[in-house]
Amino acid sequence: MKNLFYKFVLWYGGWSIVNKVPPEIKKCIVIGAPHTSNWDFVYAIPALDKMGIHKLRYLIKKEFFFWPFTWLFRVTGGIAVDRSKKNDLTATLKKLIEEKDELYLLFPPEGTRGRVDRWKTGFYYTSLESNLPIVLGFLDFETRTCGFGKVVHPTGDFNADFKVIEDFYKDVKGMNPENYNTSIFITKEDK
């Protein structure tokens with residue numbers, strides 16, 4: 001029943017899937033960008049399921065965990081994040097990664113649906129500390145395509161790695177393109 005519902009959602013939305021995660025990758029950090037609308041979730045979950053990604057966990061702010069949606073976010077792999085206080089989220093995620101044989105850990109690096117000056121960098125440092133590749137996932141509302149692009153193996157050169165990621169996403173259009181800042185990072189030298 002779930003598969004039929006997911007197929008219907010993608011068909012009704014006019015979405016097609018391009019590129020899947022290479023089959024040899026069993027554990028990775030996935031970026032979901034641009035994130036400009038709640039509709040991203042509505043289309044991403046069915047698309048990920050159709051691509052065979054069932055070991056998905058994703059970060060979502062804890063404010064979304066309220067009845068009647070708590071069950072939905074838990075069943076689909078949601079991890080509640082309290083952004084109001086400092087926590088050791090990277091260490092928690094690293095432990096989760098170490099415990100699993102297969103895991104796709106999805107980050108919405110903008111951290112919100114509104115326009116931001118720069119992305120949050122937790123996905124990058126989690127990838128570095130866990131020695132996992134970063135897979136660039138996208139929903140392009142202009143072309144109605146979704147899928148995965150490059151696989152980035154972070155080098156530790158923050159500026160160079162983020163430039164590769166920024167270049168990939170510069171032409172991807174979110175549902176509300178005005179909410180997406182194509183300059184996703186501030187170089188270490190600019191700080």
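Examining the pattern of salt bridges
Here comes step 1: For the coordinates displayed, the defined rule picks out three salt bridges.
Here comes step 2: Where lysine 95 meets glutamate 99, a salt bridge forms, and the shortest distance between an N and an O atom there is 2.9 Å. Within this pair, lysine 95 and its partner glutamate 99 are both found in helix α4 (residues 89-99), separated by four residues, close to a single helical turn. Pair check on accessibility: lysine 95 and glutamate 99 agree, each one exposed.
Here comes step 3: We note a salt bridge from lysine 163 to aspartate 167, for which the minimum N-O separation is 3.0 Å. Residue lysine 163 and its partner aspartate 167 are located together in helix α6 (residues 158-169), separated by four residues, close to a single helical turn.
Here comes step 4: Bridged by salt links that share partners, the residues Lys163, Glu166 and Asp167 form one connected network.

Structural notes on the packing of aromatic side chains
Here comes step 1: Applying the stated criterion to the full structure yields 23 aromatic pairs.
Here comes step 2: Between the aromatic rings of phenylalanine 8 and tyrosine 12, the centroid separation amounts to 5.6 Å while the plane-to-plane angle is 25°, which identifies the pairing as stacked. Placement of both phenylalanine 8 and tyrosine 12 in helix α1 (residues 2-13) is noted, with a separation of four residues, approximately one turn of the helix.
Here comes step 3: What makes phenylalanine 8 partly exposed here is its relative accessible area of 44%.
Here comes step 4: Ring pairs connect the aromatic residues Phe107, Trp119, Phe123, Tyr124, Tyr125, Phe138, Phe158, Phe162, Phe168, Tyr169 and Phe185, which therefore count as one cluster.

Quick look at the packing of α4 against helix α5 (residues 122-130)
Here comes step 1: Interaxial distance between α4 and α5 falls to 10 Å at its minimum, and their mutual angle equals 45°. With respect to α5, the axis of α4 lies oblique. In terms of crossing hand, the pair formed by α4 and α5 is right-handed. Side by side, α4 and α5 meet where Thr90, Leu93, Lys94 and Ile97 of the first sit next to Tyr125, Thr126, Glu129 and Ser130 of the second.
Here comes step 2: Its residues assigned to classes, the contact of α4 with α5 shows three nonpolar, three polar and two charged.

With respect to the packing of α5 against α6
Here comes step 1: At a minimum axis distance of 12 Å, the contact between α5 and α6 shows a crossing angle of 115°. Two packed elements cross with a definite hand, and for α5 against α6 that hand is right-handed. Counting all contacts with α5, which are made through Phe123, Tyr124 and Tyr125, the residues of α6 involved are Phe158, Asp161, Phe162 and Ile165.
Here comes step 2: Taken together, the residues of the contact of α5 with α6 sort by class into six nonpolar, no polar and one charged.

A word on the sheet that holds strand β1 (residues 16-18)
Here comes step 1: As summarised here, the arrangement of the seven strands in space is β1-β7-β6-β2-β5-β3-β4, forming an open sheet in which the pairing is mixed. For this open sheet the edge positions go to β1 and β4 (78-81), each flanked by a neighbour on one side alone. Looking at each pair of strands side by side, their axes are set apart by 25° on average, direction ignored.
Here comes step 2: Sheet strands touched by helix α2 (residues 39-50): β1, β3 (56-61), β5 (103-107), β6 (134-140) and β7 (145-152). Its angle to β3, the strand with the most contacts, is close to 170°.
Here comes step 3: Seen against the sheet, α4 touches β2 (27-33), β3, β4 and β5 and runs at an angle of roughly 155° to β5.

Cut-offs applied
- Per-chain numbering applies: the sequence of each chain, read as written, is numbered from 1 onward.
- For this predicted model, a pLDDT threshold of at least 70 governs which residues receive local features, and a threshold of 80 or more governs which side-chain atom pairs are given and counted, while totals over whole chains, interfaces and linings are taken from all residues.
- With hydrogens and water excluded, all non-hydrogen atoms of the structure serve as input to the side-chain values.
- Any carboxyl oxygen of Asp or Glu that lies within 4 Å of a side-chain nitrogen of Lys or Arg is treated as forming a salt bridge with it.
- Only DSSP runs of H or I with at least four residues qualify as helices, and only runs of E with at least two residues qualify as strands; both kinds are numbered from the N terminus onward.
- Residue burial is assigned from relative accessible area. The probe radius is 1.4 Å, only protein chains are included, and a residue is buried under 20% of its type maximum, exposed over 50%, and partly exposed in between.
- Pairing of aromatic rings covers Phe, Tyr and Trp, the last through its six-membered ring, and needs centres within 6.5 Å; plane angles under 30 degrees mean stacked, over 60 mean edge-to-face, and all others mean tilted.
- Note on method: axes are straight lines fitted to C-alpha atoms, helices fitted across the in-contact stretch only, with angles between N-to-C directions ranging 0 to 180 degrees.
- Throughout this description, any angle smaller than 35 degrees is read as roughly parallel, any larger than 145 degrees as roughly antiparallel, any in the 65 to 115 degree range as roughly perpendicular, and the remainder as oblique.
- Here a crossing is taken to be left-handed if its near helix is turned anticlockwise relative to the far helix by less than a right angle, and right-handed if that turn runs clockwise.
- Two residues form a contact once any of their heavy atoms are found within 4.5 Å.
- Basically, the charged four are Asp, Glu, Lys and Arg, the nonpolar ten are Ala, Val, Leu, Ile, Met, Phe, Trp, Tyr, Cys and Pro, and anything else, Gly included, counts as polar.
- A pair of strands is treated as paired once DSSP finds two or more bridges between them.

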